[in-house]
Protein chains: 2
Amino acid sequence: MWTCPGAASRSWPSRRMSELSRDAILRARETGEGRLLRTPLFTSRTLSDLTGARVCLKAELFQRTGSFKPRGMLAKLASLSEEEKRRGVVTWSAGNAAQGLAWSAAAEGVDCRVFMWRSANPLKVAATRAYGAEVDLEAESAAAAHERLLEHVERTGAVFVHPFDDPVRQSGHGTIGLELEEDVPGATTVVVPVGGGGLIAGIATALKGKRIVGVEPEGAASLTAALEAGEPVQIDPQTIADGLGAPFTGEGTLAVCRQRVDEVVLVSEAEIEDGFRFLYGRAKLACEPAGAVSTAALLAGKIALEPGETVVAVVSGGNAAPETASAILARR
Amino acid sequence: MWTCPGAASRSWPSRRMSELSRDAILRARETGEGRLLRTPLFTSRTLSDLTGARVCLKAELFQRTGSFKPRGMLAKLASLSEEEKRRGVVTWSAGNAAQGLAWSAAAEGVDCRVFMWRSANPLKVAATRAYGAEVDLEAESAAAAHERLLEHVERTGAVFVHPFDDPVRQSGHGTIGLELEEDVPGATTVVVPVGGGGLIAGIATALKGKRIVGVEPEGAASLTAALEAGEPVQIDPQTIADGLGAPFTGEGTLAVCRQRVDEVVLVSEAEIEDGFRFLYGRAKLACEPAGAVSTAALLAGKIALEPGETVVAVVSGGNAAPETASAILARR
């Protein structure tokens, strides 16, 4: 499907490493002003009682398009030259990145095309179209959609926005860190879902002096594998948390995470479902499985905490397919 | 099950009509300061596009205990004398009122006993116990639980807090109106779920000069029936919105609603489910069916709106049984 690490290096030339910095994050915040939302924080008494810490939930499922993605996508689009914007943007994704790019392109007045594949969730296709993007559904598979995208870029000169590995986008994700710094200044630990690693790289860059903990599904542990191997490793993601199904961590992202992420813990599928049901039943948040992994790790006692310390769990998105949500809720 | 209107008049002697006033609502807000939450407002772009108005959702499902109930319960408990508090409080309910009273009693340091019945949702029983209340589950039915409650009050002198018809409690519910006044001053229409009518009576008393629209399930139209008959009418509630299953509107509540509520519209079971799925899928709110009826009425075009006006739909609670939520999500 995605080739590793060639595609990653293509999207993140080493000269651009400096693009992920606190300054870039501050610029991204200006770009989003009045267009993106400052998402609410909720304190979870039950999680606090269970862990002995004070646990806050950063409810990023209430961001535009239902996930954190437009924070990065909007920063990326705003960084394009006028000439690049005229060429239009493309990506391939059947998930939150598609909606995030489509929404951001509309906000910046840029033409957008998303390459999906036939098995894509019809609701996500509809949402992406509703934001104004053209959706190409000719491909039978993700790999075929990628081929179609490359051919399209070759033919039209459209700008390819990588769905997860890009320092400019990560600076946009870092704006979550700025909000946490202001809204919950006493936080000592921040727990972040990890798919390709872009969200945690951005937040870890924004927040100095906090303990940053990543959480991956056991069945999609691309960052854990890359940290162990010292380089990106291709994996075959198998998890209900489809929002975390990146097949590898990019080289640039890995470098940032190695430096700035304190630990990465794994959660099982059953633990992810427990987290999902907890957020639904107790916190009243209609999150998606990917958004529940940070809570799942806290519930399962996977993260050692000091008594009384303040912890933030980022609930990264809420675009669950209704049939997935229905099945998880029915299982207990 | 509940007798009508005797029980209602018992809980609301005419001398206490004056207890539901803007002053009482302002006092209730002071009582809740630092203990209750100011719930967030969300703008729904999709609902705004559909209706041509600007639609905001008042997310009362994020209130303590997952519904608006503790606003009223805490006001009620704070209004008791020290001698009454020493006697402890009781109610009978298998729903949000039980959790609301249990939480509020703990907040005020008052002993609390709730009479439920064997078919009560085990999660609600557990939540009520977790807030520190004693739960009596001996009764086979709601009517039997009511009998047990009356016998208990007779024997112990405990203070009976009526689950829905009480002017002091309604002053607590009115604090939602104060928040709306400050957070969305331009609102012209406020749409409120109606069970016994206590929530809408409180909000309508707080908000002068706004159009107040109530929404009832077709299968539990106690306020509509009472407005037509000119007096409380006993009904047999049949609706998936179990939070709105009050068997009648109290006399005092009816008097307030006749004066201050502009219209009451009805929604079908299918429309309630559409509202539920919309709030889940688009607004990412894990509401309960009762909380979805205001949105359902807007989605179904049941409320005439001026183009561009600002409308608030109160999403009153989020304590859906997982199996109910699962079934509704699976149906589309």
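Residues numbered from 1 in each chain as written. Chains lettered and ligands numbered in written order. Predicted model: local features only at pLDDT ≥ 70, side-chain atom pairs only at ≥ 80, totals over all residues. Heavy atoms only, no water.

### Digging into the domain arrangement of chain A
All names here are of chain A.
Phase 1: Domain boundaries in chain A define domain 1 (28–68 + 167–330) and domain 2 (69–160).
Phase 2: Once you take the C-alpha centre of each, domain 1 and domain 2 turn out to be 24 Å apart.
Phase 3: Across the boundary between the two partners, domain 1 contributes 27 residues, which contact 20 residues of domain 2.
Phase 4: Both faces considered, domain 1 and domain 2 share a buried interface measuring about 1,900 Å² in area, 58% of it formed by carbon and sulfur atoms.
Phase 5: Where domain 1 touches domain 2, the interface holds 3 salt bridges.
Phase 6: In this structure, R35 and E108 form a salt bridge, with 2.7 Å as the shortest nitrogen-oxygen distance.
Phase 7: Connecting domain 1 to domain 2 are 11 residue pairs in polar contact (both at pLDDT 80 or more).
Phase 8: Elements represented by at least two residues in the side of domain 1 that touches domain 2 include exactly α2 (22–32), α9 (167–173) and α10 (175–183).
Phase 9: Per-element accounting of the side of domain 1 that touches domain 2 gives the leading share, 5 residues, to α9. (Domains from an automatic or database assignment. Contact = heavy atoms within 4.5 Å. Buried area = accessible area lost by both parts, 1.4 Å probe. Salt bridge = Lys/Arg side-chain N within 4 Å of Asp/Glu carboxyl O. Polar contact = N/O pair within 3.5 Å; in protein donor to acceptor, adjacent residues only side chain to side chain. Helix = DSSP H or I, 4+ residues; strand = E, 2+ residues; numbered from the N terminus.)

### Some remarks on the environment of B:S294
Residues and elements named next belong to chain B.
Phase 1: Inspection of the secondary structure assignment puts S294 in helix α15 (residues 289–299).
Phase 2: Here S294 falls in the buried class, since its relative accessible area comes to 0%.
Phase 3: As for S294 and T128, which are separated by 166 residues in sequence, their C-alpha atoms are 26 Å apart.
Phase 4: Apart from residues no more than four positions distant in its own chain, S294 is found in contact with V191, V192, P193, V215, A313, V314 and V315.
Phase 5: Polar side-chain contacts of S294 include one of 2.6 Å to the backbone oxygen of V314. (Buried < 20%, exposed > 50% of the residue type's maximum accessible area, 1.4 Å probe, protein only.)

### Looking at the sheet that holds strand β3 (residues 89–92) of chain A
Residue and element names in this part refer to chain A.
Phase 1: With parallel pairing, the 4 strands of this open sheet are ordered in space as β5-β4-β3-β6. With one partner strand each, in any of the chains shown, β5 (134–139) and β6 (159–160) form the two edges of the open sheet.
Phase 2: Examined bridge by bridge, β3 and strand β4 (residues 112–117) share 4 bridges and lie parallel to one another. Residue pairing across strands places T91 opposite V114, the latter belonging to β4. (Pairing = 2+ DSSP bridges.)

### Considerations on the nonpolar core
Phase 1: By size, the foremost hydrophobic cluster in this structure holds 79 residues, and its most contacted members are A:L285 and B:L285.
Phase 2: Those residues in contact with B:L285, other than ones at most four positions away along the chain, are A:F62, A:K284, A:A286, B:F42, B:L57, B:L61, B:F62, B:L279, B:Y280 and B:V315. (Core = buried A, V, L, I, M, F, W, Y, C linked by side-chain atoms within 4.5 Å.)

### Regarding the interface of chain B and chain A
Phase 1: Counting from both sides, the interface comprises 24 residues of chain B and, opposite them, 24 residues of chain A.
Phase 2: Of the roughly 1,900 Å² buried between chain B and chain A on both sides combined, carbon and sulfur atoms contribute 58%.
Phase 3: Among the residues of chain B in contact with chain A, B:F62, B:Y280 and B:K284 are the three that bury the most area, contributing 34% of the side total.
Phase 4: In this assembly, chain B and chain A are joined by 0 salt bridges.
Phase 5: One can count 7 residue pairs in polar contact (both at pLDDT 80 or more) joining chain B with chain A.
Phase 6: Only α14 (269–281) and α16 (322–330) of chain B provide two or more residues apiece to the side of chain B that touches chain A.
Phase 7: Ranked by residue count, the leading element in the side of chain B that touches chain A is α16(B), at 5 residues.
Phase 8: Classifying every residue of the side of chain B that touches chain A by side-chain character gives 16 nonpolar, 4 polar and 4 charged. (Nonpolar A, V, L, I, M, F, W, Y, C, P; charged D, E, K, R; others polar.)

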